[in-house]
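Descriptive analysis of the structure
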Amino acid sequence: MSDPSLFASPLARQSARNLHTVEWLSENNIWSSYTSYRWHFWRTRRMMVMTPDEAAAWLPALAFAVSCEKHADVLAEFARWPLPEPLPPEALPWRDRLIQVWEQYPAATTWEKTIRLAALVHLDPRVERLPEWLREARRALDLEWYHRHLRLAALAVWRPRPGDGPPHGDKAEAAQAWVRFWEERYGTPGSEPDALIAAAALLHLAEAGWLPSGLSPERLRAEFRQRVQQWPVSYDERSVLRMLLASVPADASAPERLRQDIKAWLELTHRNVQWEKREAVWGMLAAWQRESVLERSGRGRLPEPPLLLPDLARALEWEEDRDVLPAMMRYVPEAAEVSANPEAARAVVARWEPLSRNAAYSGIRQAAWVARWNLRRAGILTADEQSRFDADYVEAIGTEDDRDVLLALVQITPPGTFPLAIWTRRLSDQNDQRRLAARLAIHGWLVDMAGGGQRRQMRQVLRRAGQEGADNRPVAPFVNFPPEVWPDFRRLHEIETALAAGQMPPPDAAAENRATPRAVPARLPEAHPRTGPPGITGQTTGRTAGSEPSARHPFPEVIRYE
């Protein structure tokens, strides 16, 4: 009987590696003991711009992580994970499993219940769940103001799926009640946050054609923006503003209208505006760019799409807020923007470079490194800028003393020889969390070497030589690797086999018997040059500014279907 993992798609293999990494981390006491360490790991991963398939490949790992997590702040990061639409068919069971895990999560506090609800609304937009969402919205009115606003905002981001018109028959009553609920909140005097939240909810419904005789999308969009401008948002309610703006769609109905909309929103990124608003608006604009809304707008009457790159460059000249800069670094310009304004592109790169080296606040250094990595993957960097990136990266992994910045550097994998000697030296650091980062880097390198397209060829050679076990156990990945890591490869194979068969993997039965903390192998294989992370096809990661990508998407196609 053939081994299903031999025919696993690149998506399944990448998903298996991601899940195995999170399982490996969860067995470490340092990982379990430090909430902020887990939060920074997942936040950094979410801030790294991903292709749709890359985002989908993290769904099994997310399901496992949610089932283990006990802290609300980390759960909130999970709830904000980008969900590509449409999902690849083989990822649909993974999303269903993630929904099931959230539904079964034992939320104990009001905030945890809101996070769980936000995740479910995001993951499961079926009209059939409207009665449930309506009940939750009515219950939210009895909560104290802070939790009421968060709960309502979590529900207001619901939008019908593309093509889902106003329901008829049995579903119509719940849909009509849902519309009435938000119309009542929208028209209630003296409830500014509630009215702002309701405007966002109604905008989603109007965009889907659910308000044929009500407010138009154009009017709702303008009033929503005006209410954001007038609302003196407090620090405690910045999550509400971020949640709402992250869900607001761009007006892509006409290029000129989109230009006007963007110009009006940019007014809220100026120096004299509250940082909470600057953060939320840059997050919204970055989301629009990732959805290629800005690029598509150029295919209408106007010859060029709206260019935000000069505005980003100007804002980076003076912006220093440690919460706004991470939102700005997620804006990665399209090739058309870079070609139209190369000076602004160079200015953006030139701003992130010193911030990654010298920023006093570690969170800004962390964000700057992710920004530089996103720009490199997008092919924005020139040859000189790539050389500086490589040199700065090697220096940083050897000298960076902040645990969270080092954890971000672990998740960056530039082409070239893996710096095994540097990471091995960092195993002697005095700080437990920095040592864990070094162990994670080495572990990921070992797993990557064992994975990829070479596995099938190695196993075929061994089978012809009669060296594969009678029970068809996977031996090929273990060739030339220290025996300490064989259990990891066996578990990785088990995960791949399950995912390739369209199933979720069973719990790791051997985890309870393994030593904690697990030792780093005393003997490691030699590091060889690489052209990119495992599974990447083509040379997109190595191209320089000015060269043309092989596909429209600005990021390398890490996962291809076979």
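Residues numbered from 1 in each chain as written. Predicted model: local features only at pLDDT ≥ 70, side-chain atom pairs only at ≥ 80, totals over all residues. Heavy atoms only, no water.

Time to look at the overall build of the chain. Per the secondary structure count, the chain includes 28 helices and 0 strands. Buried residues in the chain amount to 57% of all 562 residues. The contacts of the chain with a sequence gap of at least 6 include a subset with a gap of at least 24, amounting to 73%. (Helix = DSSP H or I, 4+ residues; strand = E, 2+ residues; numbered from the N terminus. Buried < 20%, exposed > 50% of the residue type's maximum accessible area, 1.4 Å probe, protein only. Contact = heavy atoms within 4.5 Å.)

What follows is about the side chain of R227. Mapped onto the fold, R227 is located in helix α13 (residues 217–230). Here R227 falls in the buried class, since its relative accessible area comes to 19%. Residue contacts for R227: discarding those within four places in its chain leaves Y186, E192, A195 and L196.

The omega angle of the peptide bond from E85 to P86 is -5 degrees, so this bond is cis rather than trans. Inspection of the secondary structure assignment puts P86 in the loop between α6 (72–79) and α7 (92–104).

Membership of the largest hydrophobic core comes to 167 residues, with the highest contact counts inside it found for W42, W102, W178, W182, F224, W352 and W423. Setting aside residues up to four positions removed in sequence, F224 forms contacts with L196, A199, A200, L244, L245, V248 and W265. (Core = buried A, V, L, I, M, F, W, Y, C linked by side-chain atoms within 4.5 Å.)

For the rest of this paragraph, the subject is the packing of helix α3 (residues 35–47) against α6. Across the interface, α3 lies against α6 with an axial gap of 9 Å and an inter-helix angle of 15 degrees. Viewed along their axes, α3 and α6 adopt a mutual orientation that is roughly parallel. The handedness of the crossing between α3 and α6 comes out as left-handed. Touching T35, R38, W39, W42, R43 and R46 of α3 are D73, V74, E77 and F78, all from α6. (Axes fitted to C-alpha atoms, helices over the stretch in contact; angles between N-to-C directions. Parallel < 35°, antiparallel > 145°, perpendicular 65-115°, else oblique. Left-handed = near helix turned anticlockwise from the far one by under 90°.)

Across the interface, α3 lies against helix α24 (residues 403–410) with an axial gap of 10 Å and an inter-helix angle of 40 degrees. By the angle class used here, α3 and α24 are oblique. The chirality of how α3 crosses α24 is right-handed. Note on element contacts: α24 touches α3 through R403, D404, L407 and A408, opposite S36, Y37, H40, F41 and T44. Residues of the contact of α3 with α24, tallied by class, amount to 4 nonpolar, 3 polar and 2 charged. (Nonpolar A, V, L, I, M, F, W, Y, C, P; charged D, E, K, R; others polar.)

This part is about the pattern of salt bridges. Per the counting criterion, the structure on display carries 39 salt bridges. With its nearest N and O atoms 3.0 Å apart, the salt bridge here joins D311 to R314. Linking D311 with R314, this pair stays in helix α18 (residues 309–318), spanning 3 residues, or about one helical turn. As a salt-bridge pair, D390 and R376 come within 2.5 Å of each other at their nearest N and O atoms. (Salt bridge = Lys/Arg side-chain N within 4 Å of Asp/Glu carboxyl O.)

The next point concerns the confidence of the model for the chain. Per-residue confidence for the chain gives a mean pLDDT of 83, with 80% of residues at or over 70. Below pLDDT 50 for its whole length, residues 294–303 participates in 26 contacts with residues either more than four positions away or in separate chains. Scored below 50 in pLDDT, residues 531–544 shows 34 contacts in the model against residues more than four places distant or in partner chains. (pLDDT = per-residue confidence, 0-100.)

Below, the discussion takes up the environment of P487. Assignment of secondary structure puts P487 in helix α28 (residues 486–500). Taking the relative accessible area as the measure of exposure, P487 reaches 31% and is therefore partly exposed. Note: C-alpha distance between P487 and A510 (23 residues apart in sequence) is 8.3 Å.

Turning our attention to helix α22 (residues 362–377). Over its 16 residues, α22 runs 23 Å from end to end, which matches the ideal 22 Å to within 8%, given 1.5 Å per residue. Where burial is concerned, most of α22 is hidden: 16 out of the 16 residues are buried. Just downstream of α22, G379 is the residue with a positive phi angle, here 75 degrees. (Expected span 1.5 Å × (residues − 1).)

This paragraph deals with helix α21 (residues 342–358). In this model α21 runs 25 Å from its N-terminal to its C-terminal C-alpha over 17 residues, within 8% of the 24 Å that 1.5 Å per residue would give. Regarding α21, the residues found buried are A344, A345, V348, V349, W352, E353, L355 and S356.

Under the counting rule described, the total for this entry stands at 19 aromatic pairs. Consider the rings of W145 and Y146, whose centres lie 5.9 Å apart with planes at 75 degrees: the pair is edge-to-face. Of the residues examined, Y146 reaches a relative accessible area of 27% and is grouped as partly exposed. With 5.1 Å between their ring centres and 5 degrees between their planes, F418 and W445 make a pair best called stacked. Separated by 27 residues along the polypeptide, F418 in the loop between α24 and α25 (420–425) and W445 in helix α26 (residues 432–450) bring together distant segments of the chain. When sorted by exposure, F418 lands in the same class as W445, which is buried. Members of the aromatic cluster, joined through ring pairs, are W31, Y37, F41, W42, W58, F78 and W81. When the ring centre of Y361 is taken as origin, the NZ or CZ atom of R322, which lies over that ring, is 4.7 Å away. (Phe/Tyr/Trp six-rings, centres within 6.5 Å; stacked < 30°, edge-to-face > 60°. Lys NZ or Arg CZ within 6 Å of the ring centre and 35° of its normal.)

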